[in-house]
Amino acid sequence: MPNRIVMKLVLMLSLCVLLSGVSSAQADMSIPEPSLRGNFVQGGMVIGRTTPGATVEFNGDTIQVGRHGDFVFGIGRDDEGPVQLRVRYANGQVWEESFPIESRKFDIQRVDGLPQQTVTPDPEVQRQIRANNEEVWHARQVRSERTDFTTQFIWPAEGRITGVYGSQRILNGQPRAPHWGLDIAAPTGSPVYAPADGIVTLTHPDMVLSGGTLIVDHGHGVFSTFIHLHAIHVEVGQEVKQGELIAEIGATGRATGPHLDWRINWGQVRVDPQLLVPPRD
Ligand SMILES: [Zn+2]
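Residues numbered from 1 in each chain as written. Predicted model: local features only at pLDDT ≥ 70, side-chain atom pairs only at ≥ 80, totals over all residues. Heavy atoms only, no water.

## Overview of the side chain of R77
By the element assignment, R77 lies in the loop between β5 (70–74) and β6 (83–88). Overall, the relative accessible area of 7% leaves R77 in the buried class. In contact with R77, other than residues within four places in its own chain, are Q42, G43, F106, I108, Y165, G166, Q168, P178, W180 and R270. (Helix = DSSP H or I, 4+ residues; strand = E, 2+ residues; numbered from the N terminus. Buried < 20%, exposed > 50% of the residue type's maximum accessible area, 1.4 Å probe, protein only. Contact = heavy atoms within 4.5 Å.)

Laid out in structure tokens, this is it:
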């Protein structure tokens, strides 16, 4: 009976559609996908855009969505993934996907036989360091509506790269905090330019470890931090434009020589600045 065969085929096909719809929301073409750019890699930052009014969840947490649908999230140095992304549209539709995270090999250096004094600072210095860290932590708790993070970042300084994100030293067997910045060596007084538009949220002339410290908010919890500065030319609350002179390179705080140490955070998550700027050299 040809009719029964046709019926069977129709049934099988609809079952296939049903099953694929269950296993992956992507198979249902009627649910719009957000656009995503950036790197699903350790230290990466991903910038997305969805329909205005949609809500976005990153690993189950609701993240900020701008009024044009812009959002951003960062991937930590030691995150192994996969990360889960979910978009809930105003009409009740839900898009979700899981993304594997590309792992990286970071440079680890072991230094043994150091005098104990250089490893453990005295209590008063430790107290100052804690106070400095707290001030910086608070500056990065701001969640502004700015969406400067959607623009292409530019290099904030000229010079040789002498340090990279994620590297770590193990002193006398004790692992130190990884190096979070991109180090650019240049003479004291060399200009530092804003890598993107933003608003200044912290300036400090001389923190114990980081010396002259400047934080610029690029929106949605994305911050640039510049440390070891010789001079700072902007004030808290001031808006800066990409390419504007904001500071001068120095060797203040714990620095072995004049260089800019540029860090990028998404909230308290450290990401790799070098992944945000065009390749150089
Ligand atoms: Zn550095």
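## Points about the packing of aromatic side chains
One pair of aromatic rings is described through two measures. These are the centre distance and the angle between the planes. Applying the stated criterion across every chain yields a total of six aromatic pairs. Here F58 and F73 contribute two aromatic rings whose centre-to-centre distance is 4.4 Å and whose plane-to-plane angle is 20°, an arrangement assigned as stacked. Of this pair, F58 sits in strand β3 (residues 55–58) while F73 sits in strand β5, and the two are 15 residues apart along the sequence. Of note, R280 hangs over the ring of W155, and the distance from its end group to the ring centre comes to 4.0 Å. (Phe/Tyr/Trp six-rings, centres within 6.5 Å; stacked < 30°, edge-to-face > 60°. Lys NZ or Arg CZ within 6 Å of the ring centre and 35° of its normal.)

## Some points on the sheet that holds strand β10 (residues 168–171)
Strand order in this open sheet of three strands is β8-β10-β11, and the pairing throughout is mixed. Here the strands that pair on one side only, and so sit at the sheet edges, are β8 (108–111) and β11 (174–175). Two strands pair when backbone bridges link them, and β8 and β10 are joined in this way by four bridges, in the parallel orientation. Each residue of the ladder has a partner; that of V111, found in β10, is L171. (Pairing = 2+ DSSP bridges.)

## Some remarks on the coordination of the zinc ion
Every protein donor of the zinc ion is accounted for by H179 (NE2), D183 (OD), D183 (OD) and D261 (OD), and the metal-donor separations fall at 2.1 to 2.6 Å. Classification of the site at the zinc ion rests on its four donor atoms, whose angles at the metal span 53 to 147°, yielding the label irregular. Spacing between the donor residues of the zinc ion along their common chain follows H-x3-D-x77-D. A residue pair is termed long-range when its members are at least 10 positions apart, and H179 in the loop between β11 and β12 (182–185) and D261 in strand β19 (residues 259–266) qualify at 82 residues. Residue classification places D261 among the buried residues on the basis of a relative accessible area of 2%. (Donors = N, O, S within 2.8 Å, 3.2 Å for Na, K, Ca; no water. Tetrahedral: all angles 85-135°; square planar, octahedral: opposite > 155°, others 65-115°.)

## Focus on the sheet that holds strand β2 (residues 45–49)
The three strands are arranged β1-β2-β5 in an open sheet whose pairing can be described as antiparallel. Looking along the sheet, the strands with just one partner apiece sit at the ends: β1 (35–38) and β5. With direction set aside, neighbouring strand axes in the sheet form an average angle of 20°. Direction of pairing for β2 relative to β5: antiparallel, over a ladder of five bridges. Note that in β5 the partner of M45 across the bridge is G74. (Axes fitted to C-alpha atoms, helices over the stretch in contact; angles between N-to-C directions.)

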